[in-house]
Amino acid sequence: MRSFTYSRAGSAAEAVGRAAANGTAFVAGGTNLLDLMKADVLRPEGLVDISRLPLDRIEETAEGGLRLGALARNADTAYDERVQTRYPMLSKAILAGASAQLRNMATNGGNLLQRTRCYYFYDTATPCNKRQPGSGCGAIGGVNRIHAILGASDQCIAVHPSDLCVALAALEAVVRVTGPDGERSIPFAEFHRLPGDRPEIDTVLRPGDLVTAIDLPARGYAEHSTYLKIRDRASYAFALVSVAAGLEMDGDTVRDARLALGGVAHKPWRDPEAEAALIGKPATPDRFRAAARVLLRDAKGHEHNSFKIELAERAIVRALTEAAERKGASRP
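Residues numbered from 1 in each chain as written. Predicted model: local features only at pLDDT ≥ 70, side-chain atom pairs only at ≥ 80, totals over all residues. Heavy atoms only, no water.

**A closer look at a nonpolar patch on the surface**
- A cluster of nonpolar side chains, namely Met-1, Phe-4 and Tyr-6, defines an oily patch on the protein surface of about 410 Å² accessible area.
- Looking at the element boundaries, Phe-4 is found in the segment before β1 (5-8). (Patch = residues over 30% accessible without salt bridge, like charges linked within 9 Å, V, L, I, M, F, W, Y side chains within 5 Å. Areas by Shrake-Rupley, 256 points an atom, 1.4 Å probe, with all protein chains shown as cover. Salt bridge = Lys/Arg side-chain N within 4 Å of Asp/Glu carboxyl O. Helix = DSSP H or I, 4+ residues; strand = E, 2+ residues; numbered from the N terminus.)

**Some thoughts on the sheet that holds strand β12 (residues 269-270)**
- With antiparallel pairing, four strands are arranged side by side in an open sheet as β9-β10-β11-β12. Of all strands in the sheet, those with a lone pairing partner are β9 (225-230) and β12, marking the two edges.
- Pairing analysis gives two bridges linking strand β11 (residues 253-262) to β12, with the strands arranged antiparallel. Among the inter-strand pairings, Leu-261 is bridged to a residue of β12, identified as Trp-269.
- Seen against the sheet, helix α9 (residues 164-171) touches β9, β10 (241-250), β11 and β12 and runs at an angle of roughly 145 degrees to β11. (Pairing = 2+ DSSP bridges. Contact = heavy atoms within 4.5 Å. Axes fitted to C-alpha atoms, helices over the stretch in contact; angles between N-to-C directions.)

**A word on the UniProt feature "domain: FAD-binding PCMH-type" (unreviewed entry) in the protein**
- As recorded in UniProt, the sites labelled "domain: FAD-binding PCMH-type" (unreviewed entry) are residues 1-221.
- Overall, residues 1-221 shows 28% helix and 17% strand. The separation of its end C-alpha atoms is 48 Å. (UniProt positions renumbered as here; feature names shortened; annotations may be inferred.)

**Regarding the side chain of Ser-162**
- Tracing the backbone shows Ser-162 in the loop between α8 (119-122) and α9.
- Here Ser-162 falls in the buried class, since its relative accessible area comes to 4%.
- Setting aside its immediate chain neighbours within four residues, Ser-162 contacts Asn-111 and Gln-114. (Buried < 20%, exposed > 50% of the residue type's maximum accessible area, 1.4 Å probe, protein only.)

**Examining empty space enclosed by the protein**
- Evaluation of the coordinates by the stated rule reveals three cavities of 30 Å³ or more.
- Approximately 80 Å³ is the volume attributed to the largest cavity.
- Around the largest cavity sit 14 residues that line it, and Cys-118, Cys-128, Cys-137, Cys-156 and Ala-158 are the ones nearest its centre.
- Across the lining of the largest cavity, the residue classes break down as nine nonpolar, four polar and one charged.
- By volume, the second largest cavity is sized at about 50 Å³.
- Together, Gln-114, Arg-115, Thr-116, Lys-130, Ala-158, Val-159, His-160, Pro-161, Asp-202 and His-266 line the second largest cavity.
- Here the residues of the lining of the second largest cavity sort into three nonpolar, four polar and three charged. (1 Å grid on protein atoms, 1.4 Å probe; cavity = no way out; pocket = protein on both sides within 12 Å on 5 of 7 lines; lining within 4 Å. Points joined across faces, edges and corners; volume = space filled by probe spheres on them. Nonpolar A, V, L, I, M, F, W, Y, C, P; charged D, E, K, R; others polar.)

**A closer look at the nonpolar core**
- With 35 residues, the main nonpolar core has Leu-90, Leu-112, Leu-168, Val-175, Phe-188 and Leu-216 as its most contacted residues.
- No other element matches α9, which puts eight residues into this core.
- Leu-168 has contacts with Leu-90, Leu-112, Ala-173, Phe-188, Ile-214 and Leu-216, leaving out every residue within four places of it along the chain.
- Ranked by size, the runner-up nonpolar core spans 33 residues in total, among them Ile-149, Met-249, Trp-269 and Ala-324. (Core = buried A, V, L, I, M, F, W, Y, C linked by side-chain atoms within 4.5 Å.)

**Focus: the sheet that holds strand β2 (residues 24-27)**
- With respect to topology, three strands assemble into an open sheet ordered β1-β3-β2, the strand pairing being parallel. Of all the strands in the sheet, the pair left with one neighbour each is β1 and β2. Looking at each pair of strands side by side, their axes are set apart by 25 degrees on average, direction ignored.
- Sheet topology note: the β2/strand β3 (residues 46-49) ladder contains four bridges and is parallel. Bridging across to β3, Val-27 finds its partner in Asp-49.
- Where helix α1 (residues 12-19) meets the sheet, its contacts fall on β1, β2 and β3, and the angle it forms with β2 comes to roughly 150 degrees.

This is the structure in structure tokens:
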């Protein structure tokens, strides 16, 4: 047992002040952090409990969207009537993740910050640049079936595990943060990092930064959207490939498109060129396949995961077909 300090914050400002010191982490649901501490992967010197802060509401925004409190539970978010009706791909993505018990504990903010499930990251007896910078990447040349085919580096080929984040990327959500330097808003596409030569850094957050909310835009692609998750078993498994797809249709023609992939990179993966390849075109499997190949043009497989490239192409075509055919919001 490694010793650490524990304190409970009474306000966001208090939490930020206590966590600004290096080695201190926020804890709310704890569904990922506590597992990593038990496995001796993470060793925070202190925990600041933020679970009682008033950040658990889901509220309308002046722009016509929704603000998801960072401490709102995943289950409460997925089953919120406004989310189900206006952002069905988001509700479906949340319900595709983890188990019911974990969704009842896990928070929206924590979901954004969960760490990779790479085998080597969790195994402290193996090299991992994300866990111990400079030690090497055991997955490169190792068992890498679940690993990245896009955006990887020679330092790390881990993937981001979240389902929620893939839908948020497709919706172009905005993350609201408060920290030692005040409040700021971060477009979702800029929130997570690719590994580069600093794979130990997952996001653009600074020491002491606290995620307070996630803003959804008014446009939710409610009539034509879906979330498709391909995994090894039907429940409690992380995605080999997942797809969040949203379309606006004019008859059989695509008027606007959003497309994000999970399970393939260090962050949810979007490519505006692939989306542009759909706009103004008929909603056909051939057109969807062409867009998929644009998105996957730089995909690179490793010894055990090259199958993911074809799997991703097929998943994109299937998801876009489902989205094009869906009429009206449906409950997941």
